[in-house]
Structure formats: C-alpha cells, structure tokens
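Understanding the architecture of this molecule
Here is how the chains run, residue by residue.
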Amino acid sequence: MSVSADELRLHLKDELDTEKLGQILAGLVSGSGHGLVVFLEGNLGMGKTTLSRGIMRGLGHEGAVKSPTYTIVEPYEHLAPPTYHFDLYRLGDAEELEYMGIRDYFQGRNLCLIEWPERGQGILPEPDLLVRLDKSGDGRIARVSAPTSRGGSLLQRLGKQWPMGQGY
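The following paragraphs examine the structure supplied in this document.

A few points about the pairing of strand S5 (residues 83-87)
Along S5, five of the five residues are buried, which leaves the element largely enclosed by surrounding structure. What you see with S5 is no split at all: Thr83, His85 and Asp87 on one side and Tyr84 and Phe86 on the other are buried throughout. Here strand S4 (residues 73-76) pairs with S5 via four bridges, running antiparallel. Following the sheet pairing, Glu74 is matched in S5 by His85. Count of turn residues in the S4/S5 antiparallel hairpin: six residues. Where S5 lies against strand S6 (residues 111-115), five bridges are found, and the strand directions are parallel. Each residue of the ladder has a partner; that of Thr83, found in S6, is Leu111.

Written as structure tokens, this is what we have:
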C-alpha cells in the first residue's frame, strides 16, 4: 500500500483481493450515512465489475452481479444504501443520460457505481471516489483518489482498514 495526501495505491493480487476491496468500501459507505458517487475506471477486463460485486456482497446482496452493459443501470434498491450500478460502455451520447433521468439517481443516500464514467462527461456529477484499476504483473493496482471532502474521509479510513502486508 502506498499513500499520498490524495491517492491510495493498493496491490490486488487476484479477484478475491478485488472483491475484498469492494467489501471494505461497502462497510465504509454504509457507515457514512450519506450518498456517494464512485467512478470505476480501467480498460476492459481490469476488474470494475468484480469490484462492484464485492461492494454489493458487502452490502448484503446474495444474487448475481453482472455489468449492466446493455441496460445501462442495474438497481439494487433492497440494499442499504440503495445502490445503482451503471455501465456506460455502450452509451452513444452523454445526452442519453438526461433522457433516462440520471440526475434522480444521485439524490439522498444512494450509492452510484459508474463504469466508463468518461462517456457521461458533462452530465455526471463529480465523483466522491475515483477507483482506477490497472494491470500489474498477475494482479492489479487500484489507485483510489477522493476529489471531494466526503470521499476524502472515506479514503483515510480505507487506508487504515486495508490489510497490511499487501502493499505496493
């Protein structure tokens, strides 16, 4: 683990580590008492959906978690907080998000996980947390940053909770 004032770098050796990171994030988010917008960035196959699955499972979801590539959003309203998983990969134009009423999802305590957020540029709000996944040997590096003060508080707590000995 490497920490700077505005970024945490975590080595994820495998899919289980990626899910574990998601579960830790779930605990931090559910304990925060407010909504959160999380951007998930990285090339195809880097683990964005795996991280989302870890978050959903950490919030108590027991079913399958798949990327909503064709539906754009998959609601998990039974979770606390209500969670919405977006995949904007197939989005033709960011304006399409306005037609689906995307701003309504960012209300209250909702947790919004957004894969391929660059495709919604100009419409999406600023993220509270930004997680960038990149290949590193057989594993991944997760670079977690916090553009907002709300995210900054979670970033600090994540740095304290991530298992030691798995650093980068």
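Quick notes on the pattern of salt bridges
Under the definition given, this model contains six salt bridges. Its salt-bridge partner being Glu19, residue Arg57 comes within 3.1 Å of it at the nearest N-O pair. Of this pair, Arg57 sits in helix H2 (residues 48-58) while Glu19 sits in helix H1 (residues 15-32); the two residues are 38 residues apart in sequence, bridging distant segments of the chain. One salt bridge connects Glu98 with Arg103, and the closest N-O pair in it is separated by 2.4 Å. Judged by relative accessible area, which is 30%, Glu98 ranks as partly exposed. What you see here is one network of salt bridges that share partners, running through Glu15, Glu19, Arg53 and Arg57.

As for the packing of aromatic side chains
Summed over all chains, the structure comprises four aromatic pairs. With 5.2 Å between their ring centres and 90° between their planes, Phe86 and Tyr105 make a pair best called edge-to-face. Pair noted here: Phe86 is in strand S5 and Tyr105 is in the loop between helix H3 (96-99) and S6, with a separation of 19 residues, a long-range link. Each member of the pair, Phe86 as well as Tyr105, is classed as buried. Pairing Phe86 with Phe106 gives two aromatic rings, centres 6.3 Å apart and planes at 20°, and the pair type is stacked.

Topic: empty space enclosed by the protein
Considering all chains together, one arrives at one cavity of 30 Å³ or more under this definition. What the largest cavity holds in volume is close to 40 Å³. Lining the largest cavity we find Leu25, Ala26, Val29, Leu36, Val38, Ile55, Leu111, Leu113 and Leu129. Of all the secondary-structure elements, those providing two or more residues to the lining of the largest cavity are H1, strand S3 (36-41) and S6. Considering each element in turn, the lining of the largest cavity owes the most residues, three residues, to H1. Taken together, the residues of the lining of the largest cavity sort by class into nine nonpolar, no polar and no charged.

Here's the deal with the nonpolar core
The biggest cluster of nonpolar side chains holds 32 residues, and the ones touching the most others in it are Leu21, Val38, Leu111, Leu129 and Leu158. Elements supplying a minimum of two residues to this core: strand S2 (7-12), H1, S3, H2, S6, strand S7 (129-136), strand S8 (139-145) and helix H4 (149-161). Considering every element that reaches this core, the biggest residue donor is H1, with six residues. Other than its neighbours up to four places away in sequence, Leu129 contacts Leu25, Leu36, Val37, Val38, Phe39, Val144, Ser145, Ala146, Pro147, Gly151 and Leu154. If you look at the next biggest cluster of nonpolar residues, it comprises 18 residues, including Val37, Val73, Tyr84 and Leu124.

Examining the pairing of S6
Most of S6 is tucked away, with five of its five residues classed as buried. Neither face of S6 is open: one carries Leu111, Leu113 and Glu115, the other Cys112 and Ile114, and all of them are buried. The pairing of S3 with S6 spans five bridges and is parallel. Note on S6: the bridge partner recorded for Leu36 is Leu111.

What counts, and at which threshold
- Going along each chain's sequence as written, the residues are numbered from 1 onward.
- Residues qualify for local features only when their pLDDT is at least 70, as the model is predicted, and side-chain atom pairs are given and counted only at 80 or more; totals for whole chains, interfaces and linings, by contrast, use all residues.
- Side-chain descriptors were evaluated using all non-hydrogen atoms of the structure, hydrogens and water having been removed beforehand.
- Buried means the residue's accessible area, taken with a 1.4 Å probe over protein chains only, is under 20% of the maximum for its type, while exposed means over 50%, and partly exposed covers the values in between.
- A helix here means a DSSP run of H or I that spans at least four residues, while a strand means a run of E at least two residues long, and both kinds are numbered starting from the N terminus.
- Here, any two strands with at least 2 DSSP bridges between them count as paired.
- In what follows, salt bridge is the name for a side-chain nitrogen of Lys or Arg lying within 4 Å of a carboxyl oxygen of Asp or Glu.
- Working definition: a ring pair exists when centres of Phe, Tyr or Trp rings (six-membered ring for Trp) sit within 6.5 Å. Plane angles under 30 degrees give stacked, over 60 give edge-to-face, the rest tilted.
- Computed over the protein atoms alone on a 1 Å grid, cavities are sets of points where a 1.4 Å probe fits but cannot get out and pockets are open sets with protein on both sides within 12 Å along at least five of seven lines; a residue lines them when it has an atom within 4 Å of a point.
- Grid points are joined across faces, edges and corners, and a volume is the space filled by probe spheres set on the points.
- Gly counts as polar in this scheme, as do all residues outside two lists: the nonpolar Ala, Val, Leu, Ile, Met, Phe, Trp, Tyr, Cys and Pro, and the charged Asp, Glu, Lys and Arg.
- To form a nonpolar core, buried Ala, Val, Leu, Ile, Met, Phe, Trp, Tyr and Cys residues must be joined to one another through side-chain atoms within 4.5 Å.
- In this analysis, two residues are considered to be in contact whenever any of their non-hydrogen atoms come within 4.5 Å of each other.

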